[in-house]
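# Remarks on the overall topology
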Amino acid sequence: MAAHPAVKAINTQEITEKARRGLLQLLEAVRGKKNLVIERSLAGTIGLFVKFSTLQEYGVDKIFFLENHNVDSSQRNIIFLCRGESAKTARMVAEQIKLVRSESQIDHEFSIIWVPRRTRVSDMVLEEHGTLGEATISQLQLHFIPLEQDVLSLELDTAVHDLYLRKDPTCIFASAQALMRLQKQYGLFPRILGKGDNAKKLADLLQKMRSEEEVNAAADSNNSYLTSFGLTPSSVIENLIIIDRDVDFPTVLSTQLTYEGLIDENYGITNNQTEVESSILGGAPAQPQSQNGTTQAPATATKRKLQLDTSDKLYPSLRDANFATIGPTLNRTARRLQSDQQNIHNQDQSIADLKSFVSKLPSYQAEQASLKIHTSLAEELMKVTRSELFNQMLEVQQNLLAGSDPSATHENIEELIARDVPFKTVLRLLCLESCLSNGIRSRDLENFKRQILQAYGFQHVLTLANLEKMGLLVPRESHRGYLNPIGSAAGQTATDWNALRKGLKLWVDDVQEDDPNDVAYVFSGFAPLSVRLVQCILQKSQLYNLVNQPRQPSSAPTGTGWKGFEDVVARIRGATVDVTQKGHDADASHARKTLRGSKEGPKISLVFFLGGVTFAEIAALRLVSAQMEEKEGRKIVIMTTGLVNGGRAVGTAVEKREFGQ
């Protein structure tokens with residue numbers, strides 16, 4: 001199929017170039033050689049759009065991590081590049097400025113670049129330490145970073161911790177700022193839909209920011225027309241769908257069964273990179289150096305960094321597949337390359353054939369190198385998936401997701417605790433049961449807590465308290481019962497998962513893993529609720545027919561928004577968002593349409609995950625997008641505060657300290 005204009009609607013290259021240009025301009029403003037002190041969590045993000053060699057061209061001599069407290073005084077200019085929302089980070093910057101001042105004989109010039117904005121908190125901290133007047137302060141408005149052509153991320157690693165444990169709404173404001181910038185560039189989102197209390201807060205904040213923009217435009221006589229012209233409904237973006245992570249934590253807590261998801265579960269993927277032991281890859285050739293150069297901390301001698309993006313010849317075709325199909329896929333690729341190699345050694349070749357082969361040689365070699373890497377990686381992952389522990393854990397998980405009696409799994413969970421399996425594995429299973437059953441029976445929960453404290457340490461009293469604060473591990477209340485949640489509770493403080501399994505077909509028995517036609521393939525049977533909510537809006541007829549498959553399907557619901565699925569969506573906890581945005585100036589809207597012409601082309605839908613998205617959900621949404629593009633020429637662009645998995649989600653609550661330390 002030919003590429004649609006919708007594919008290029010969100011110009012990711014332009015976003016990357018703008019971020020790169022903004023950083024380099026700030027560095028260029030500081031004359032001469034300079035040392036760069038960067039917050040560790042920002043290093044990988046910066047590396048996505050600028051190379052270390054480029055930073056050197058703009059005068060950067062050495063790079064230090066802020067957390068290491070080891071900046072030296074070899075250069076007169078010292079630049080701090082850090083996030084501005086954290087008081088702790090601002091305090092570290094202030095302390096290091098004072099330290100360098102006291103220990104160095106050089107009259108240093110300090111500059112601070114706050115990302116994505118300068119805050120009142122950072123100014124107050126610097127003022128308290130007496131360093132506010134000693135530094136030149138600027139800001140780098142770094143918002144969405146393209147991870148792929150269809151994935152934009154704010155790369156806020158602490159979003160789950162801040163939003164659900166600390167109840168800090170900072171990331172909601174950061175999300176609203178990023179989305180507002182998109183509206184200024186592409187026009188207003190004609191419709192904002194969403195589910196969850198935080199989704200409602202984000203939608204309300206977007207409305208408030210729009211009102212402020214209109215007031216500012218009215219106050220400025222020179223730019224009022226241009227500003228109002230920019231804030232007219234977009235002709236490219238069809239709608240914005242906001243999914244609050246709190247609505248669908250079971251998807252995060254479940255083990256991802258796609259290739260990319262399993263790599264993330266076992267090795268972790270950060271900024272499109274993963275670290276694996278060199279012994280695992282064996283004789284696999286080293287990959288070319290990634291874009292981030294040396295801006296990240298050097299890997300240990302026993303580990304290698306792998307770049308996992310479209311620069312890899314095979315990875316784009318492997319990442320979204322169910323892991324059960326990876327072996328046959330790699331085998332087919334190996335046979336094809338072997339056949340190509342045999343053709344190369346064929347004696348009867350003309351000059352034209354040889355010339356054609358030479359032109360294809362770099363691509364062939366890159367594909368061979370990629371095959372060796374992914375074969376080694378898949379073999380190592382296969383050892384994990386075939387282990388007794390993994391299959392026992394997966395059995396408990398699948399039974400809970402399918403709606404079986406949770407008490408039947410308690411014996412297996414107790415056995416896992418007794419066998420001293422990784423602590424996060426146990427927490428994920430318990431939190432999964434709690435989320436799907438709206439709590440665990442008090443007597444059973446107390447028994448599990450006692451076993452956890454005895455097996456893993458009494459410091460985890462704090463861990464269990466944190467999980468309860470996040471709403472992940474709670475006792476079942478009488479009005480939020482597992483078998484019969486009453487109407488007033490369902491949809492307000494509790495989700496009726498039994499009703500959703502039927503109303504949205506969350507469990508599919510017959511899953512086609514090799515040639516998927518439904519999103520349930522990413523968990524081998526379980527369809528993520530978050531993706532089903534997107535289908536309620538974008539694939540009404542397909543979802544309606546799937547839900548009513550055993551019966552004779554009646555007429556599918558028509559209309560837009562949540563229409564046709566209002567009843568089932570009401571059974572989900574949290575607010576339901578449905579806002580229609582119209583242009584403030586009808587003349588400006590008409591002018592935009594005239595300039596664009598009558599042929600506007602296919603539209604895209606933006607799906608924003610507030611609190612993080614898993615790789616399994618990305619794979620599922622790519623399947624939905626491909627089906628929509630084939631049928632209607634529409635596409636989905638995925639946006640998020642960051643990438644998340646079950647280990648990282650429960651890890652935010654885990655107490656790291658131990659008694660006596």
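Residues numbered from 1 in each chain as written. Predicted model: local features only at pLDDT ≥ 70, side-chain atom pairs only at ≥ 80, totals over all residues. Heavy atoms only, no water.

The chain carries the name Vacuolar protein-sorting-associated protein 33 in an unreviewed UniProt entry, which gives Saxophila tyrrhenica as its organism. According to UniProt, the comment filed for the chain under the heading Sequence similarities (unreviewed entry) is "Belongs to the STXBP/unc-18/SEC1 family." (UniProt positions renumbered as here; feature names shortened; annotations may be inferred.)

## Some thoughts on the pattern of salt bridges
Considering all chains together, one arrives at 34 salt bridges under this definition. A salt bridge links R245 to D248; the nearest nitrogen and oxygen atoms lie 3.6 Å apart. For R245, a relative accessible area of 1% puts it in the buried group. Here D248 falls in the buried class, since its relative accessible area comes to 0%. The closest approach of N and O atoms between K305 and E275, which form a salt bridge, is 3.1 Å. Highlighted residues: K305 in strand β11 (residues 303-307) and E275 in strand β10 (residues 273-277), separated in sequence by 30 residues. (Salt bridge = Lys/Arg side-chain N within 4 Å of Asp/Glu carboxyl O. Buried < 20%, exposed > 50% of the residue type's maximum accessible area, 1.4 Å probe, protein only. Helix = DSSP H or I, 4+ residues; strand = E, 2+ residues; numbered from the N terminus.)

## Looking at the sheet that holds strand β6 (residues 145-148)
What the seven strands build is an open sheet, ordered β6-β7-β14-β13-β9-β8-β12; its pairing is mixed. The open sheet has two free edges, formed respectively by β6 and β12 (576-580), since each of these has just one partner strand. Strand-to-strand twist in this sheet, taken as the mean axis angle between neighbours without regard to direction, amounts to 20°. The pairing of strand β13 (residues 604-610) with strand β14 (residues 635-640) spans six bridges and is parallel. (Pairing = 2+ DSSP bridges. Axes fitted to C-alpha atoms, helices over the stretch in contact; angles between N-to-C directions.)

## Details of the packing of helix α16 (residues 388-402) against helix α17 (residues 410-418)
The geometry of α16 relative to α17 is characterised by a closest axis approach of 10 Å and an angle of 145° between their N-to-C directions. As for the relative orientation of α16 and α17, their crossing is left-handed in sense. Within the contact between the two elements, α16 uses L389, Q392 and V396 and α17 uses N412, I413, E415 and L416. Here the residues of the contact of α16 with α17 are counted per class, giving four nonpolar, two polar and one charged. (Left-handed = near helix turned anticlockwise from the far one by under 90°. Contact = heavy atoms within 4.5 Å. Nonpolar A, V, L, I, M, F, W, Y, C, P; charged D, E, K, R; others polar.)

## Regarding the packing of aromatic side chains
All chains considered together, the criterion is met by seven aromatic pairs. Centroid distance Y259 to F323: 6.4 Å. Interplanar angle 10°. Geometry classified as stacked. Note that Y259 is positioned in helix α11 (residues 259-266) and F323 in the loop between α13 (315-318) and α14 (326-344), a separation of 64 residues in sequence. For the pair Y259 and F323, a shared accessibility class is recorded, and that class is buried. A network of ring pairs unites the aromatic residues Y259, Y315 and F323 as a single cluster. Lying across the ring of F65, R40 places its NZ or CZ 4.4 Å from the centre. (Phe/Tyr/Trp six-rings, centres within 6.5 Å; stacked < 30°, edge-to-face > 60°. Lys NZ or Arg CZ within 6 Å of the ring centre and 35° of its normal.)

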